[in-house]
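# Observations on the model geometry
One-letter residues, chain by chain:
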Amino acid sequence: MPSSDLPRPVPLASLVLALGLALSAGTAWYVCDNAGLAGRHGGVPLLAPWLVLLGGALASLLLFRLLRRESLRHQRLASRVNASRAELAAANAALQASEQRLELALAGADLGLWDWNVATGTLTWNAHWLAMRGCAGASPLPSVATWKGLIHPEDRAAMQAALDAHLQNRSPAYVAEYRVGTGAGPWRWVLDCGRVVERDPQGRALRMAGTNLDISERKHAEEDRAAREAAERASRAKSEFLARTSHELRTPLNAILGFAQMMQLDLQAPLPPVQAQRLRQIQGAGEHLLTMINEMLDLNGIEAGTVRLSLEPVALQPLAAEVLQGLEPLARAADVALRVHLARDTSAVQADATRLREVLINLLSNAVKYNRRGGWVRLTIRPAGAARVAIAVEDTGIGLSEAQIGQLFQPFNRLGAERMGIEGTGLGLVIAQRLAQLMHGSLHAARREGGGSVFTLELPVATPTPAPPPLSLAAPAAVPSFAPAPAPAPAVPPQPKTAVEPAVPPPRERGKPLVLYIEDEPVNALLVQHIMGLRPDCVLRVAPDGTSGLAAVRAEQPALVLIDLNLPDMSGHEVLAQLRADPATRSLRCVALTADAMPANVERARASGFDDFWSKPIEVQTFLRGLDRQLALARGETGEVAG
């Protein structure tokens, strides 16, 4: 039955009014009835009943109004009570929703929440605050002592200092980073932030609240980055030291090896046999030192990740023939036969041609050096499983023990070969293995049945199209130089040197090409002067710095300018830039001749406009071939130049 059809309760005031009227009517009837009896018997007149009735009615009406007013007041009060109850219920619902949103926000933000009553010393925190500290299943006493007890002992002092600064109103907020935990598990880093939310009139803190954020991942990343940066700084420092050492050693080596070659080439005053033998010992020691410098720099560049390789298909048959042909004199002198076996189905590998040649030369030359007279060395190329090619170098030498094989690829460890008088540095195999790995291959050694050793280099089969070079690995292009190519290393800053006074030149003969050498190191200038004596059809001038060199170039217009990169007043690059900017000297042939023969320097020299890059120490015959070629190009001869 609908609520609208239900009988409505009769208001109390209406009932009272009806009852009053009925009572008045009854009283009036009673009075009238008695009045009639009295009239018949000579009693009260008939006016009295009506007065009674009127009085009762007025009294009932007054009572009705009073009760009506009280009823309306009661209804209004009940309505206000109901409205207040509804508002309170809505406020409670909103509070619960707000608390739920806060919990969800804290959980989503991975925040722990704490509230500290500073006056009483009591603390409250949420479950995530405890979970950060490894107390998810426990309920420690919520106190300041518990809070500080869960902080790493080494971090408590810094945390307390930050807290005191804010409590004493010396900082706008409390911020601290520290490690937390129970000590039973790993420590975690948290970012603790808070503020005083209530102070007394004297400014003393009464209540403080804040949050915790787990920053362990960020801290670990920062630690890893700091360790990586420290390692990179150490690597750069080592590279710079080696590069500087290389530069400083190459300058005297340039004189030692250069003048030793000049003495050997001097047919007008040949050395006696004994002196010639001693000179060869000096030259051999110098070349050994130069090889060690180059290999140290090469290994350092590989380990530092600065060696860049150009991986492309490399045909093995012509490369093997070239390497074996180059080693034929060494094998013949050692009375060792060279053999080769190439499988028909091995055509090319994916590798850097220059670096692969370097690895093969190292393996084959070692096989010859550590062999016995009458022995042999065999180069075998065969398939080695899925998309791999094996290049094996076998020898009939003294072989290696298992212990020696375990120590084979350690830098400078020659496994006692230095006591046998066999030349070497102990770095060649280490470099070969690193290069094999950079070419996505491997190099390993084993004992050969019947005596001797076998070194196996495995490389991937060449892809149909040349592969792009790796992101951080690439070798510089072959550089015409006058010493073995050095390893990559940072460029050495120009070092102050003693100025060289230019020799007073004789009158320049008509038709003879002029070569200007801008060099501040006297011994280097003197060596080139002696070498140029082997080309009497050329004239050499020497300038000790960039300023005098530029003046000489503009005054004499040489056919060729040799420029050292480290000059006392400006760099060789600056000298070249000024020459290229001047229309009168723009087309001159300019060659960098320097001991800073690092790949970065080579690339920079070519990019800046040098026509060639020659390195020190100078190899005399190579220098002369390069000189002849540059002078021929200066004369406009574009045909093939000897050498």
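Above this text sits the structure in question.
Before going into details, it helps to say that this report is about the structure given with it. (Residues numbered from 1 in each chain as written. Predicted model: local features only at pLDDT ≥ 70, side-chain atom pairs only at ≥ 80, totals over all residues. Heavy atoms only, no water.)

### Observations regarding the overall build of the chain
Within the chain, the regular secondary structure consists of 16 helices and 17 strands. Long-range pairs, those at least 24 residues apart, make up 67% of the contacts in the chain between residues at least 6 apart in sequence. (Helix = DSSP H or I, 4+ residues; strand = E, 2+ residues; numbered from the N terminus. Contact = heavy atoms within 4.5 Å.)

### Quick look at the pairing of strand 10 (residues 388–395)
Most of strand 10 is tucked away, with seven of its eight residues classed as buried. Where strand 9 (residues 376–383) and strand 10 come together, seven bridges link them in antiparallel fashion. From the neighbouring strand, Ile 381 faces strand 10, where its bridge partner is Ile 391. Between the end of strand 9 and the start of strand 10, which pair antiparallel, lie four residues, with Gly 385 showing a positive phi angle near 90°. Sheet topology places strand 10 next to strand 12 (residues 453–460); seven bridges connect them, and they run antiparallel. From the neighbouring strand, Val 393 faces strand 12, where its bridge partner is Phe 455. (Buried < 20%, exposed > 50% of the residue type's maximum accessible area, 1.4 Å probe, protein only. Pairing = 2+ DSSP bridges.)

### Some details on helix 13 (residues 546–556)
When we look at burial in helix 13, the residues that qualify are Gly 546, Gly 549, Leu 550, Ala 552 and Val 553. Projected down its long axis, helix 13 carries its buried residues within an arc of 165°, all on one side. The backbone nitrogen of Thr 547 lies 3.3 Å from a side-chain oxygen of the residue at the head of helix 13, namely Asp 545. Once helix 13 ends, the next one or two residues include Gln 557, with phi positive near 50°. (Arc of directions from axis to C-beta. Polar contact = N/O pair within 3.5 Å; in protein donor to acceptor, adjacent residues only side chain to side chain.)

### Considering the pattern of salt bridges
Counted under the stated rule, the structure contains 23 salt bridges. Between Glu 328 and Arg 332 there is a salt bridge, and its shortest N-O distance comes to 3.6 Å. One end of the pair, Glu 328, and the other, Arg 332, are both in helix 8 (residues 316–333), four residues apart, so they sit about a helical turn from each other. With relative accessibility at 56%, the residue Arg 332 sits in the exposed group. A single salt-bridge network, built from bridges that share partners, covers Glu 177, Arg 218, Lys 219 and Glu 222. (Salt bridge = Lys/Arg side-chain N within 4 Å of Asp/Glu carboxyl O.)

### Notes on unusual backbone geometry
Across the junction of Lys 616 and Pro 617, the peptide omega takes the value 0°, indicating a cis bond. Residue placement: Pro 617 occurs in the loop between strand 17 (612–615) and helix 16 (620–634). For Asp 335, which is not a glycine, the phi torsion comes out positive at approximately 60°. Inspection of the secondary structure puts Asp 335 in the loop between helix 8 and strand 7 (337–342). Although it is not a glycine, Ala 387 sits at a positive phi angle of roughly 55°. Counting through the fold element by element, Ala 387 comes out in the loop between strand 9 and strand 10.

### What to know about the sheet that holds strand 7
What the five strands build is an open sheet, ordered 7-9-10-12-11; its pairing is mixed. Edge positions in the open sheet fall to strand 7 and strand 11 (442–447), since each of these has one partner strand only. Neighbouring strand axes in the sheet, compared pairwise and without regard to direction, differ in orientation by 15° on average. By the bridge criterion, six bridges tie strand 7 to strand 9 in an arrangement that is parallel. Following the sheet pairing, Arg 339 is matched in strand 9 by Arg 378. Strands strand 7, strand 9 and strand 10 of the sheet are contacted by helix 8, whose axis makes an angle of about 170° with strand 7. (Axes fitted to C-alpha atoms, helices over the stretch in contact; angles between N-to-C directions.)

### Some remarks on the sheet that holds strand 3 (residues 174–180)
Reading across from one edge, 2-1-5-4-3 is the order of the five strands in this open sheet, with antiparallel pairing throughout. Either end of the sheet is taken by a strand with one partner, and the two such strands are strand 2 (122–125) and strand 3. With direction set aside, neighbouring strand axes in the sheet form an average angle of 25°. Relative to strand 5 (residues 205–214), strand 1 (residues 111–117) is paired through seven bridges, and the arrangement is antiparallel. Each bridged residue has a counterpart across the sheet, and for Asn 117 the counterpart in strand 5 is Arg 207. The sheet strands contacting helix 5 (residues 156–167) are strand 1, strand 3, strand 4 (188–199) and strand 5, and the helix crosses strand 3 at an angle near 160°.

### Re the environment of Leu 516
Among the structural elements, Leu 516 can be located in strand 13 (residues 514–518). C-alpha of Leu 516 to C-alpha of Ala 543: the two residues are 27 residues apart in sequence and 7.3 Å apart in space. Non-local contacts of Leu 516, meaning those with residues more than four positions away in its chain, are made with Arg 541, Val 542, Ala 543, Gly 549, Ala 552, Val 553, Pro 558, Leu 560, Val 561 and Leu 562.

### Section: the pairing of strand 15 (residues 560–563)
Burial of strand 15 is two-sided: the residues Leu 560 and Leu 562 facing one way and the residues Val 561 and Ile 563 facing the other way are all buried. In this structure, strand 13 lies alongside strand 15, joined through four bridges in parallel fashion. Opposite Val 515, over in strand 15, you have Leu 560 as the bridge partner. Pairing geometry for strand 15 and strand 16 (residues 589–594), over four bridges, is parallel. Bridging across to strand 16, Leu 560 finds its partner in Arg 589. Since strand 15 and strand 16 lie parallel, the crossover through helix 14 (residues 572–581) that links them has a hand, and here it is right-handed. (Right-handed = clockwise from strand over helix to strand, strands pointing away.)

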